[in-house]
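Breakdown of the fold
So the chains spell out like this:
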Amino acid sequence: MVDTDDPKQHDKAEPTRAAATASIEDNHTSLEDVSKRIEVLLHASEAPLTAQALKKHLSLSSKALKQALEVLERRLETGVLNLHETASGYRLQISDAYSSLIQQIFPQRQERLSQALLETLSVIAYKQPVTRSDIEQVRGVTLSSNILRQLFDKGWIIEKGYKETLGRPALLHTTTQFLDAFGLSHLNELPPMPDMESIRAMS
């Protein structure tokens, strides 16, 4: 029978507890360091970085990456940047709380999209895949080729497949660039579809 008050037993237990504490502290330090490396890469990158890319660059497991991203998110809470995940990966962006300041000081950076473009993009995003004729039917007006060209030039839509009807018109889909531009990871993050009057009010 072991005497729990035996000083020798306490002496044996102390190194074990000390080792456990040191391990926890080392792990925290390691995650903090990894989170800073992730932050550096996101600052330096011109495009979002995927989880796969981050794991490869920093030799991380999926679990370690998840933990380090959580550490980074907590640290950023006290600053002006947010960690945001889009369809293309992770990026740092200025908090929405400062959007009005940016618009006030740098109005030229605020792109104004036309009513027709917003309506067309909305129909494609919510009802894809759609044809040009489908868009015209929803909007009730003829679709300008210039509107589609602008959306293609921005990389927000692509043609993928054909509708099995007379003339086999091309089917239009939104792209990853579209999701990135609107800060979305997936199409299911789109808000409820607005009616055309609401879209017109936005233009």
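1. Things to note about the overall build of the protein
Regarding its fold elements, the protein presents nine helices and four strands. Ordering the α and β elements of the protein from the N terminus gives α-α-α-β-β-α-α-α-α-β-β-α-α. The 203 residues of the protein split such that 31% are buried. Put simply, the protein shows about 13,400 Å² of open surface, and 52% of that area lies on carbon and sulfur atoms.

2. Some thoughts on unusual backbone geometry
Excluding glycine, residues mostly carry a negative phi; peptide bonds, for their part, are mostly trans. The linkage connecting Gln-128 with the following residue, Pro-129, adopts the cis geometry, with an omega of 0°. For Pro-129, the position within the fold is in the loop between α5 (115–127) and α6 (132–139). In this structure, Ser-59 is a non-glycine residue whose phi angle is positive, near 50°. The residue Ser-59 is located in the loop between α2 (51–58) and α3 (62–76) in this model.

3. Focus on the packing of aromatic side chains
Scanning the model with the defined rule gives two aromatic pairs in all. Taking the centre distance of 5.1 Å and the plane angle of 50° together, the rings of Phe-178 and Phe-182 count as tilted. We note Lys-154 situated over the ring of Trp-156; from NZ or CZ to the ring centre the distance is 5.0 Å.

4. Structural notes on the pairing of strand β1 (residues 81–86)
Pairing of β1 with strand β2 (residues 89–94) involves six bridges; the strand directions are antiparallel. Residue pairing for β2: Asn-82 is matched across the bridge by Gln-93. In this antiparallel pair of consecutive strands, β1 and β2, the connection spans two residues.

5. Observations regarding the packing of α5 against α6
Two numbers describe how α5 lies on α6: the axes approach to 10 Å, and their chain directions differ by 115°. Pair α5 / α6 crosses with right-handed handedness. Residues Ala-116, Glu-119, Thr-120, Val-123, Ile-124 and Lys-127 of α5 form the contact with α6, whose participating residues are Ile-135, Val-138 and Arg-139. Its residues placed into classes, the contact of α5 with α6 shows five nonpolar, one polar and three charged.

6. As for the nonpolar core
By size, the foremost hydrophobic cluster in this structure holds 19 residues, and its most contacted members are Ile-124, Ile-135, Leu-151 and Trp-156. Of all elements in the fold, only α5, α7 (145–154) and α8 (176–181) reach the threshold of two or more residues within this core. With six residues, the single largest contributor to this core is α5. The contact partners of Trp-156, leaving out residues within four places of it in the chain, are Leu-113, Leu-117, Leu-121, Leu-151, His-173, Thr-174, Thr-175, Gln-177, Phe-178, Ala-181 and Phe-182.

7. Observations concerning the side chain of Thr-174
For Thr-174, the position within the fold is in strand β4 (residues 170–174). Reaching out from Thr-174, the side chain makes a polar contact with the side chain of Gln-128 at a distance of 2.9 Å. Discounting chain neighbours no more than four positions away, the residues touching Thr-174 are Leu-121, Ile-124, Ala-125, Gln-128, Trp-156, Ile-157 and Leu-187.

8. As for a nonpolar patch on the surface
Taken together, the side chains of Val-80, Ile-94, Tyr-98, Leu-101, Ile-105 and Phe-106 make up a nonpolar region of the molecular surface, amounting to roughly 520 Å² of accessible area. Looking at the secondary structure, you find Ile-105 in helix α4 (residues 99–105).

9. Some thoughts on the pattern of salt bridges
What the rule picks out here adds up to eight salt bridges. Arg-139 serves as the salt-bridge partner of Glu-119, at 2.7 Å between the closest nitrogen and oxygen. Highlighted residues: Glu-119 in helix α5 and Arg-139 in helix α6, separated in sequence by 20 residues.

10. A closer look at the confidence of the model for the protein
Confidence along the protein averages 83 in pLDDT terms, with 79% of residues attaining 70 or more. Least confident of the elements in the protein is helix α9 (residues 196–202), whose mean pLDDT is 59; most confident is β4, at 95. Contacts from residues 17–25, a stretch scored under 50 in pLDDT, to residues over four places away or in other chains number zero contacts.

About the criteria used
Residues numbered from 1 in each chain as written. Predicted model: local features only at pLDDT ≥ 70, side-chain atom pairs only at ≥ 80, totals over all residues. Heavy atoms only, no water. Helix = DSSP H or I, 4+ residues; strand = E, 2+ residues; numbered from the N terminus. Buried < 20%, exposed > 50% of the residue type's maximum accessible area, 1.4 Å probe, protein only. Areas by Shrake-Rupley, 256 points an atom, 1.4 Å probe, with all protein chains shown as cover. Phe/Tyr/Trp six-rings, centres within 6.5 Å; stacked < 30°, edge-to-face > 60°. Lys NZ or Arg CZ within 6 Å of the ring centre and 35° of its normal. Pairing = 2+ DSSP bridges. Axes fitted to C-alpha atoms, helices over the stretch in contact; angles between N-to-C directions. Left-handed = near helix turned anticlockwise from the far one by under 90°. Contact = heavy atoms within 4.5 Å. Nonpolar A, V, L, I, M, F, W, Y, C, P; charged D, E, K, R; others polar. Core = buried A, V, L, I, M, F, W, Y, C linked by side-chain atoms within 4.5 Å. Polar contact = N/O pair within 3.5 Å; in protein donor to acceptor, adjacent residues only side chain to side chain. Patch = residues over 30% accessible without salt bridge, like charges linked within 9 Å, V, L, I, M, F, W, Y side chains within 5 Å. Salt bridge = Lys/Arg side-chain N within 4 Å of Asp/Glu carboxyl O. pLDDT = per-residue confidence, 0-100.

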